[in-house]
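Each chain, letter by letter, is given below.
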Amino acid sequence: MKKPFLIVILFSVLFTAVSCIKSDSTPSLSSSLTSVQGIEKKVNELLDRMTLEEKVGQMNQYVGFWDLTGPAPDSGDAAEKYEHLRNGYVGSMLNVRGVENVRGVQKIAVEESRLGIPLIIGFDVIHGYETISPIPLAESASWDLEAIRKSSEVAAEEAAAAGINWTFAPMVDITRDARWGRVMEGAGEDPYLGSKIAKARVLGFQGTDLSQHTTIAACAKHFAGYGFSESGREYNTVDVGTSTLNNMIFPPFQATVDAGVRTFMNAFNVLNGIPATGNKYLQRDVLKGKWAFDGFVVTDWGSIDEMTSHGLAKDGKEAAMIAANAGSDMDMESHLYVKELAGLVREGKVKESFIDDAVKRILKVKFELGLFEDPYKYCDEVREKEVIGQQAFHEAALDLAKKSIVLLKNDNQLLPLKKQGQKIALIGALAADKNSPLGNWRIAAKDHSAVSVLEGMQAYKENKLTYAKGADVSIGYTAFTAQVQINTSDKSEFPQAIEAAKSADVVVMVLGEIGYQSGEGRSRTKLGLPGVQQELLEAVYKVNKNIVLVLNNGRPLVLNWHHENLPAIVEAWQLGTQSGNAIAQVLYGDYNPSGKLPMSFPRAVGQVPIYYNYKNTGRPTGAPGVFWSHYEDEENSPLYPFGYGLSYTSFEYSNLKTSVVSEKEVQVSVTLKNSGKQTGKEVVQLYIRDHFASVTRPVRELKGFELVSLVPNESQEISFTLTEKELGFYDNNGNFILESGDFSIFVGGDSNANLQSTITL
Ligand code: BGC
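All values derive from a computational prediction rather than experimental measurement.

Basis of the calculations
Residues numbered from 1 in each chain as written. Predicted model: local features only at pLDDT ≥ 70, side-chain atom pairs only at ≥ 80, totals over all residues. Heavy atoms only, no water. Pairing = 2+ DSSP bridges. Helix = DSSP H or I, 4+ residues; strand = E, 2+ residues; numbered from the N terminus. Axes fitted to C-alpha atoms, helices over the stretch in contact; angles between N-to-C directions. Contact = heavy atoms within 4.5 Å. Salt bridge = Lys/Arg side-chain N within 4 Å of Asp/Glu carboxyl O. Buried < 20%, exposed > 50% of the residue type's maximum accessible area, 1.4 Å probe, protein only. 1 Å grid on protein atoms, 1.4 Å probe; cavity = no way out; pocket = protein on both sides within 12 Å on 5 of 7 lines; lining within 4 Å. Points joined across faces, edges and corners; volume = space filled by probe spheres on them. Core = buried A, V, L, I, M, F, W, Y, C linked by side-chain atoms within 4.5 Å. Domains from an automatic or database assignment. Arc of directions from axis to C-beta. Expected span 1.5 Å × (residues − 1). Left-handed = near helix turned anticlockwise from the far one by under 90°. Nonpolar A, V, L, I, M, F, W, Y, C, P; charged D, E, K, R; others polar. Parallel < 35°, antiparallel > 145°, perpendicular 65-115°, else oblique. Buried area = accessible area lost by both parts, 1.4 Å probe. Polar contact = N/O pair within 3.5 Å; in protein donor to acceptor, adjacent residues only side chain to side chain.

1. A closer look at the sheet that holds strand E25 (residues 755–760)
- Pairing within the open sheet is antiparallel, and its four strands lie in the order E20-E19-E24-E25. The open sheet has two free edges, formed respectively by strand E20 (701–710) and E25, since each of these has just one partner strand. The average undirected angle you get between the axes of adjacent strands in this sheet is 20°.
- Judged from the six bridges that link them, strand E19 (residues 680–690) and strand E24 (residues 742–748) form a sheet pairing that is antiparallel. Residue glutamine 685 lies in a different strand from E24, and its bridge partner there is glycine 748.

See below:
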C-alpha cells in the first residue's frame, strides 16, 4: 500500500498554516474539569450543547497520513478531514505522532471548531514507542509481572512525551495457533497468565492517575475471539464454543475491565456468524452489561465497512446502523459513522440514546485524561526531547529482554560460554540484524536501532569472534507491503560460514524469522526456519557440532531436528532495542536465564493448534489398536510444553502439601531448592485438574505461579491459596460456579509438573 504523498504534503501544509496563524490560546472549554466527581456532570452539560452531527463527530476517528496500519481508505482525503476537524466532526485521530504534528491537529479541533472539544490521539504503542521492549509474547515468557508493568509504564511515558494519549494495547487475545502472525502480540495460550499480564499492562500504561502527562489510556483488544482464526489464517472465520469463549477467551478481557482499562477495541472476526463490530452480545450484553465497562469501544481498522464483505450488511449505511446498535462507540477509519449516523438517527434506525451513550463514554475518557483542562498537555517539545530514549528506559528494556529469554536445551553445560580463550564463530544474517529485533509493532522506533547480537558479543573482548552471514533469512518484508524480493535461495556465502565454524571452539548460530515475518497479516503454514537457514545449519553442523542455536522469532517454531542434534538452544524471540546486549549477557552467563514458554512448541505443524490445557476426550490413552485420540505419525505432546524453560542452575521440588480449609479454599505449599551451583530464578507453577464437572474441564489449568530467586543450596517454602476464583469455572450460561468433587493439584517448573496431590472439595 503506497502512502499518498501528495495528500501528506497538503495536510501538513494546512496544519502548518494553522499553527502559524494561531498561537496557543485558551481552549473554549477550559477550567478545572478533571475532578472525578464532576466529570459526569460536565459530560452531560457538554452533551446538551452538541448538535447531532457534533455528537456523531466524536464517534469518528481518522488516521493521520503518516503511518498506515491498515488499508488506506478510498474516500476522505486530507482536505475533507481538515474540514471535518474544523466542524467538530472528528473525535480522535490515530497515527499522528510527534508533538508538532499532534499540536497541529489538536489546534484545529480545539481552536477552530465550535465547541473546541479536544481530540484523543491513538497509536499502537504495543511494546515500546521509540525504545522498544521485547515483543509481548517474549515479555510474557518472563512471567515477571512487575517488569511487564514497568515496560508498559515506560512505553506510556515515551509515547506521552511524543503527544500520544491513548495506546491500542494491550492485545489480550489468547492464541494457540503458531501459524497466526499475531501470536507475537499477546501473552500466549493461557487465560490465567494472560489475565495477570493483561492487568499488569493496563496498570503500566494508565498508572493510578490518568490525568498525569506520563500516563495514557489503554485499550484491550481484540474483543473477541480473534486469536482463534481458523487454521491460523489472518482475518479468518472464528468458530468457538460457549465454554471456550467464557473460560479461555473472556478472562483476560475481564481482567482489564477489573483493572480499570478505559477503552476496548473490537475485532475483525466473526463470532457465531456475527462480526465482532456488529456483535451486540459481545459489546452491549457482556462488556457494557455484565462487566459494567464504563469506557468506550473503538472498532478495529475499517471493520464497520468490512461487515459488507462479511455478508452481514448490504451496504455501508446498514453496516453503520448495525455497528452503532451493537455498541461500537467509535469508528476507526471506515468513515461510515460520520457519513451515515446522523441520517440513521433521523430515520429512527439508531436510537439517539445510543449515540448519547457512546459520546458520553468518549468525552468521559477525554475528561479523565485532563484534555479539557489542557488539550496540549501532551504537547511539550522540551519534554519530548528530554524524555524519549532516556537511559533509564534502555535499562528497563535490557532488564526485561534478559528476563524474556528461554533456555530450551543446554547439554553438557555448553552454556554459559567461557569468557576467555575461546574461538567463537557467530553465524547468521540475524546475528548482525539491527532491525529485526524491533519486531513488527515498532512504527516510532528508528530503523536499525537495535543492538545486534554481533555488537552484544563484541563487548566480550577476550574471545576471538568471527562473524559470517551464511545466508539471508527469508523473503524480505517491510512494514506495510507484502514482500520485498531478495534472493532467498542464495547459498553463495555458505563456504565462509563453514570455514569460520571449522576452526571455532563454539559456533553461535542466530537463526529464525525477521521482524516483519510475524505480526498482523503474517500468517505462515510452515513453522521451520525460513529460507535456506536449515540447510546452512546442517552444513555447519557437519563440520562443528558444538552449536548454540539462538532463535530470533515471533512465534513458536518446529525444532525437532534442532532438539535432537544440537547441544544448546536459546529462545531469544525479538527482544527489542537492547536485544544483542541481553543475548550476549545470557550466553556469557552474566545473566542466568529464567524465562518459561508462554506457548507450547509443537513437534509438527499438523499438531497445531496445540496447547497444554486441552480436554481429555473420551479416548485419551492408547488402548490396543488405533481407536484412540492420537496421530499415526507423531506424538500428541508438544516438543516443549507451556511453562518450560531451563536455567544454568537446577531446581528440586519436594514436600507438596495440600489442605482443604473450606469448601472454597485450599492451601498448597511446596519446597523449592536450588540444587545447582549458581544463583537462579525459577517460576514455580501450580496447575489444577477438576476431575468431574458438569462441563468437562481441561486436563490441567494454571492457577498460580511465583517467581523465586535462590542461591545455591537454598530452599524456600512456597505457598499458594486456591479460592473459588481459581477452583471454579464458567458454565455454558456464562455463570461462574464451583462444583464439589475431586481435584488434582500439580506443582513444578512447567505444565508437565509431576508433583501431585489429590483433594476432595
Ligand atoms: C489492528 C489493530 C490496530 C489498528 C490500528 C488494525 O489493523 O488490527 O490492532 O490497533 O490496526 O493500527
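2. With respect to the environment of glycine 521
- Within the fold, glycine 521 resides in the loop between strand E14 (506–512) and helix H19 (533–543).
- Considered as a pair, glycine 521 and glycine 554 are 33 residues apart in the sequence and their alpha carbons are 13 Å apart.
- Glycine 521 has contacts with Glu234 and Tyr235, leaving out every residue within four places of it along the chain.

3. Section: the pattern of salt bridges
- Applying the stated criterion across every chain yields a total of 46 salt bridges.
- Note that arginine 182 and glutamate 520 form a salt bridge whose closest N and O atoms lie 3.4 Å from each other. On the criterion of sequence distance, the pair formed by arginine 182 in the loop between strand E4 (166–167) and helix H8 (191–206) and glutamate 520 in the loop between E14 and H19 is long-range, its members being 338 residues apart.
- Here arginine 182 falls in the buried class, since its relative accessible area comes to 1%.
- One continuous salt-bridge network, built from bridges that share partners, spans Asp124, Arg182, Glu185, Lys221 and Glu520.

4. Digging into empty space enclosed by the protein
- Throughout the structure, instances matching the rule amount to six cavities of 30 Å³ or more.
- In this model, the second largest cavity occupies a volume close to 80 Å³.
- Lining the second largest cavity are Met50, Glu54, Gln58, Leu85, Gly88, Val90, Ala109, Ser113, Arg114, Leu115, Gly116 and Ile117.

5. Let's talk about the side chain of glutamate 185
- Tracing the backbone through its elements, the reader meets glutamate 185 in the loop between E4 and H8.
- Residue classification places glutamate 185 among the buried positions, given a relative accessible area of 1%.

6. Overview of the nonpolar core
- Ranked by size, the top nonpolar core spans 198 residues in total, and within it Phe264 and Val548 carry the most contacts.
- The greatest single-element share of this core, amounting to seven residues, is contributed by helix H14 (residues 352–368).
- Inspection of this core shows a minimum of three residues originating in each of domain 1 (35–384) and domain 2 (397–607).
- With sequence-adjacent residues up to four places away left out, valine 548 is seen in contact with Leu414, Leu415, Leu417, Val506, Val507, Val508, Met509, Ala568, Val570 and Leu587.
- One finds Val666, Leu686, Phe720 and Leu722 within the second-largest nonpolar core, a separate group that totals 21 residues.

7. A look at the environment of valine 506
- Mapping valine 506 onto the fold places it in strand E14.
- Classification of valine 506 by relative accessible area gives buried; the value is 4%.
- Note: C-alpha distance between valine 506 and lysine 423 (83 residues apart in sequence) is 6.7 Å.
- In contact with valine 506, not counting residues within four places along its chain, are Leu414, Leu417, Gln422, Lys423, Ile424, Ala425, Asn546 and Val548.

8. Brief notes about the environment of valine 345
- Checked against the element boundaries, valine 345 lands in helix H13 (residues 336–346).
- Distance in space between the C-alpha atoms of valine 345 and asparagine 616 is 51 Å, their sequence separation being 271 residues.

9. Some details on helix H4 (residues 78–87)
- Among all positions of H4, only Ala78, Lys81, Tyr82, His84 and Leu85 are buried. For H4, the angular spread of the buried residues around the axis is 160°, confining them to a single face.
- Downstream of H4 by a residue or two, glycine 88 has a phi angle that is positive, lying close to 80°.

10. Re helix H5 (residues 99–112)
- Helix length check: H5 (14 residues) gives 19 Å between terminal C-alpha atoms against 20 Å at 1.5 Å per residue, within 8%.
- The buried fraction of H5 is high, at eleven of 14 residues.
- Of all the residues in H5, the buried ones are Val99, Val102, Arg103, Gly104, Val105, Gln106, Lys107, Ile108, Ala109, Val110 and Glu111.

11. Things to note about the packing of helix H7 (residues 145–161) against H8
- Where H7 meets H8, the axes come as close as 7 Å, and the angle between the chain directions of the two elements is 35°. The two elements H7 and H8 cross, and the hand of that crossing is right-handed. Counted together, Leu145, Ile148, Arg149, Ser152, Glu153, Ala155 and Ala156 of H7 and Lys196, Ile197, Ala200, Arg201, Leu203, Gly204 and Phe205 of H8 form the full contact between these two elements.
- In the contact of H7 with H8, the residues fall into eight nonpolar, two polar and four charged.

12. Brief notes about the packing of helix H12 (residues 316–326) against H13
- The contact between H12 and H13 brings their axes to 9 Å, and the two run at 80°. Between H12 and H13, the interaxial angle falls into the category roughly perpendicular. Residue-level contacts link Gly316, Lys317, Ala320, Met321, Ala323 and Ala324 of H12 to Leu336, Tyr337, Glu340, Leu341 and Leu344 of H13.
- Class assignment for the residues of the contact of H12 with H13 results in eight nonpolar, one polar and two charged.

13. Here we look at the domain arrangement of the protein chain
- What the domain assignment lists for the protein chain is domain 1 (35–384), domain 2 (397–607) and domain 3 (651–760).
- Using C-alpha coordinates to define each centre, domain 1 is positioned 35 Å away from domain 2.
- Domain 1 puts 47 residues into the contact, and the matching count from domain 2 is 41 residues.
- Across the interface of domain 1 and domain 2, roughly 3400 Å² is buried in total on both sides, 63% from carbon and sulfur atoms.
- Looking only at domain 1, the three residues that lose the most surface to domain 2 are Ile132, Ala178 and Arg179, adding up to 17% of its buried area.
- Our count for the domain 1 to domain 2 interface comes out at three salt bridges.
- At the surface where domain 1 touches domain 2, the tally comes to 20 residue pairs in polar contact (both at pLDDT 80 or more).
- The dominant element in the side of domain 1 that touches domain 2, judged by the number of residues it contributes, is helix H6 (residues 136–141), at five residues.
- Within the side of domain 1 that touches domain 2, the residues separate by chemical class into 22 nonpolar, eleven polar and 14 charged.

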